[in-house]
Amino acid sequence: MTTATFILKNALRNKRRATLSVLSVAVSLFLVVTLMVGLREFTVPPEDIGASLRVVVRSKISIANFLPARQRQIIERIPGVSVVSPFTWFGGRFKNEESLTFAQFAMDPKQLRPLFGEVHMSDAEYEAFENEANPTACIVGKLTADKYKLKLGDRITLESILFSTPVELKIVGIYSGTIDDRNMFFRQDYLDRTTGNEGWVGTWWVKVRSAADMQQVIQSIDRAFANSSAEVRAETERAFQLSFVSMLGDVTLYVKVTCGVVIFTLILVTASTTSMAIRERFRELAVLKALGYRRRELFAFILAESFGLALFGALVGIGGAYLLYTFTPIVSRATDGLVLGFEVTPRIMGFAALVAAGIGIIASVGPALVVSRVSVVDGLKTLD
Amino acid sequence: MALPLRYNVRNILVRWRTTLAAILSVALVVCGYLMMQGIPAGLQKSSANTGDPRNVMIVRKGSTAESSSQVTRAQFRLIPYLPEVAKDPQGRPLVSADTLVLISLPRRDAHGEANVSLRGISPTGMQLRPQAALVDGQDRNGKITASRWFVPGKREIVVSRRLAGRFAHFDIGDTFKTSGQELTVVGWMDAENSAFDSEIWMDSDEVRSIFDREHYSSVLVRIADGASIESFTNRIENDKRLPLRANREVQYYESQTQTAGFFQIMGNFLARMMSFGAMFATMNTMYAVVGARVREIGTLRVLGYRRRTILASFVVEGAFLSLIGGVLGGVLALLLNLIDLSFGTMGFESFSEVVVRFRVTPLLLGKGLFFAIVIGILGSLLPAIRAARLPVIAALKSV
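Residues numbered from 1 in each chain as written. Chains lettered and ligands numbered in written order. Predicted model: local features only at pLDDT ≥ 70, side-chain atom pairs only at ≥ 80, totals over all residues. Heavy atoms only, no water.

K.L.:
Lay out the pattern of salt bridges in plain terms, naming residues and giving numbers.
P.N.:
Once their charged atoms are close, side chains differing in charge can pair, the charge on each being opposite to the other. For the structure shown, the criterion picks out 42 salt bridges over all chains. Between A:Arg281 and A:Glu305 there is a salt bridge, with the nearest N and O atoms lying 2.9 Å from each other. Here A:Arg281, found in the loop between helix H10 (251–280) and helix H11 (282–291), pairs with A:Glu305, found in helix H12 (residues 295–327); they are 24 residues apart in sequence, far enough to count as distant. Across the pair, A:Glu305 and A:Arg281 agree in class, each one buried. The closest approach of N and O atoms between B:Arg108 and B:Asp171, which form a salt bridge, is 3.0 Å. Here B:Arg108, found in the loop between strand E2 (95–106) and strand E3 (113–121), pairs with B:Asp171, found in the loop between helix H5 (161–164) and strand E8 (175–178); they are 63 residues apart in sequence, far enough to count as distant. Among the residues examined, B:Arg108 registers a relative accessible area of 37% and is labelled partly exposed. Linked by salt bridges that have partners in common, B:Arg161, B:Arg162, B:Asp190, B:Asp197, B:Asp340 and B:Arg357 make up one network. (Salt bridge = Lys/Arg side-chain N within 4 Å of Asp/Glu carboxyl O. Helix = DSSP H or I, 4+ residues; strand = E, 2+ residues; numbered from the N terminus. Buried < 20%, exposed > 50% of the residue type's maximum accessible area, 1.4 Å probe, protein only.)

Pasting the structure below:
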């Protein structure tokens, strides 16, 4: 019998207990991975392909404040700016949905192609959207179209939580290819007319000529409206996205504390299981001592066993999470399409594996200390 | 005949070393559950606590939220003279024309910005909202400073004490710029854990002028004692000049449940996942407990106790064990409840920072304990079955 088989046999001699401790490590690490991936998806949202050249301009007061439409000409004249489009969040509710399930933006259809090159749609669909003869034209992302079984030519009415009048739109295009194929776009001039909110837009989306122009364009836009009645904040699309993270407030802390409690509980459970397993074997360990095994060898036995069980649990838990989230649409289905990406990154898996390793080590310390302290005679005297 | 409960209780206490980890893990899960559900409970409390039963809130017809509502000045001018409107001792009608604006402000810890709800109210506005009262605040140097209400017509604001802890420039005497104008903080208020704890207040007409708003957002009206709220809401509903709708203020806030619902679902999911860990711990412990008492079980069987009695006894023991854990977790959560912990995030309804106090309600405590007992029963079922199935002779012979 080699040392390795000796350890393995020991670990598995109470199969039920081994299974339970592997499972508890697995479930806990699965939860830790889920929480961390969720947090990451919220705090580090994926970046769109064309984002590096886009600037978002919002009111300096807050994103909920409108900007005057007359700002457009001033922004267009700023050197380095190639495209400008209004971009107004409508906040529409689809049919009988209780909450907002996808976002709608009013914009200038002619600027869609230059601004969002990644939007894939047939030329006919583009033309129909850009054609001013279709004032109620709108295009929807493929995900939303699939979800609600929408097709070209369908008419939909959306009630807004922000504007008083609903909009009635006709679908002229279904697009794909962006990072979030759920949004809907329709004409800003139609929104103006329907709601009577003419002359105001939500935000400006701007495309710069080259990445080198970025900083200078942002500064110029900010400066152009400084000390005006509608001061603005221009920032890169990425910075704009990340500004929502700060609004989450204590949610980040909430997730971290939960992870902490899970890990702490796991340490407790694993440590007690290990010490249970060792206590049963006190006499045997005393025999080993009597046979001439040294303390550090006994410690190594215990450590290897607890470490092995923890890592096996980690393999099941982390691997399970990876397989589940990578190859099944479970998250998107469970959240009704609200959360799209749920990427288990190597970094998160590495962290969870480290936690498992740490737990394996910590759990073995207590029992190992007891074993090393006890004299052979006392150990042999113990009854189960 | 059932085994006496004392038998199980003593067993748990005697073998505390084995049972401690299981008890503590149940305690942690229950405490975690209560903490997580403490957030939606706080949010619910905040919606339930907001508004006065004698108040009616008027918004534009067809809008479900204050944020999408507009009341023109011409419409507003008609309201104070309606017969059901209450008057204060000076004879002024108790009506407040509110203007709601979101402003983006830097957080105190310099971690980015968040939206804050700024509510413009009429000079009678605070009389209509008796929950909100001034409290002593701090100035920039941490010195306790007395608060006062804003002076109508001045660019002064009163901020909620809970928000003051979270945003920069919210100490008394601080100023900050928004929309090109400088606002001065003159007071802190506490609104008894209501939705007003997530707002800052100033003079309504000042808000309209600073933020270039033509219209008010909503109108809050106190109905006189003896007058009927229904007759007032009907009057508004049927008045051709007013395309407005009146609702009880209390009702409006009670219907704001989305944010609470989200945290409730999330907390339930997490607690259920966490309870697996505690269940495995209980299972392990109970298997060890059964394993250590094989002879004892054999003896009991010889004495005439039936299999199902043994089964029940071990399930009860498991349930009791995790009940101890549950109580421990409950006490821990109650201790955390004593310190004034608040939680802030973006509310789905207001799109701005919502701050609530954690709340461990008696109902939640009950649910937590029930949760613990379920963990105990599920965790001890398999070990108990094993105990019940032990063959008598072999059990007696075992060492």
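K.L.:
Could you give an account of unusual backbone geometry, with specific residues and numbers?
P.N.:
One non-glycine residue with positive phi stands out, namely A:Lys149, at about 50 degrees. For A:Lys149, the location among the structural elements is in the loop between helix H6 (142–147) and strand E7 (155–160). Residue A:Lys149 is classed as exposed on the basis of its relative accessible area, which comes to 68%. A positive phi is found at B:Ser179, a non-glycine position, where the angle reads about 55 degrees. Examined against the element boundaries, B:Ser179 turns out to sit in the loop between E8 and strand E9 (181–190).

K.L.:
Account for the environment of B:Leu270, with residues named and values stated.
P.N.:
Its location among the elements puts B:Leu270 in helix H9 (residues 258–292). Those residues within four positions of B:Leu270 in sequence are excluded, and the remaining contacts are A:Leu31, A:Leu35, A:Tyr254, A:Thr258 and B:Met36. (Contact = heavy atoms within 4.5 Å.)

K.L.:
Tell me about the confidence of the model for chain A, and name the residues and values.
P.N.:
Overall, the prediction assigns chain A a mean pLDDT of 90, with 99% of residues at 70 or greater. Considering each helix and strand of chain A separately, the mean pLDDT is smallest for helix H15 (residues 376–381) of chain A, with a value of 78, and largest for strand E11 (residues 203–208) of chain A, with 97. (pLDDT = per-residue confidence, 0-100.)

K.L.:
Go over the interface of chain A and chain B with me, naming the residues and quoting the values.
P.N.:
Of the residues lining the interface, 47 residues belong to chain A; the matching set on chain B comes to 52 residues. Here chain A meets chain B over a buried area of about 4000 Å², counting both sides, of which 65% is carbon and sulfur. By the criterion of area lost to chain B, the three top residues of chain A are A:Ile61, A:Met247 and A:Tyr254, representing 17% of everything that side buries. Taken together, chain A and chain B are joined by three salt bridges. Across the pair A:Arg233 and B:Glu113 runs a salt bridge whose closest N-O atoms are separated by 3.2 Å. (Buried area = accessible area lost by both parts, 1.4 Å probe.)

K.L.:
Provide a residue-level description of the nonpolar core, including the pertinent values.
P.N.:
Grouped together as the largest cluster of nonpolar side chains are 58 residues, with contacts concentrated most on A:Leu29, A:Val33 and A:Tyr254. Taken together, the elements giving at least two residues each to this core come down to helix H2 (15–43), H10, H12 and helix H14 (346–373) of chain A together with helix H2 (16–49), H9, strand E14 (353–357) and helix H12 (362–389) of chain B. Broken down by element, the residue count for this core peaks at 11 residues, all from H2(B). In this structure A:Leu29 touches A:Leu266, A:Ala314, A:Ile318, A:Ala352, A:Val355 and A:Ala356, once residues within four positions along its chain are discounted. Ranked by size, the runner-up nonpolar core spans 25 residues in total, among them B:Phe167, B:Phe176, B:Leu183 and B:Ile200. (Core = buried A, V, L, I, M, F, W, Y, C linked by side-chain atoms within 4.5 Å.)

K.L.:
Explain the sheet that holds E7(A) to me, and be specific about the residues and the numbers.
P.N.:
Residues and elements named next belong to chain A. Pairing within the open sheet is mixed, and its 10 strands lie in the order E4-E7-E8-E6-E9-E5-E3-E11-E1-E12. One side of each edge strand has no neighbouring strand; the edge strands of this open sheet are strand E4 (92–94) and strand E12 (232–236). The sheet shows a mean angle of 35 degrees between the axes of neighbouring strands, direction not considered. Relative to strand E8 (residues 167–175), E7 runs antiparallel, the two sharing four bridges. For Ile156, the partnering residue across the bridge sits in E8 and is Leu169. Lying over the sheet, helix H7 (residues 188–195) contacts strand E3 (81–89), strand E5 (104–107), E8 and strand E9 (184–187), oriented at roughly 70 degrees with respect to E9. (Pairing = 2+ DSSP bridges. Axes fitted to C-alpha atoms, helices over the stretch in contact; angles between N-to-C directions.)

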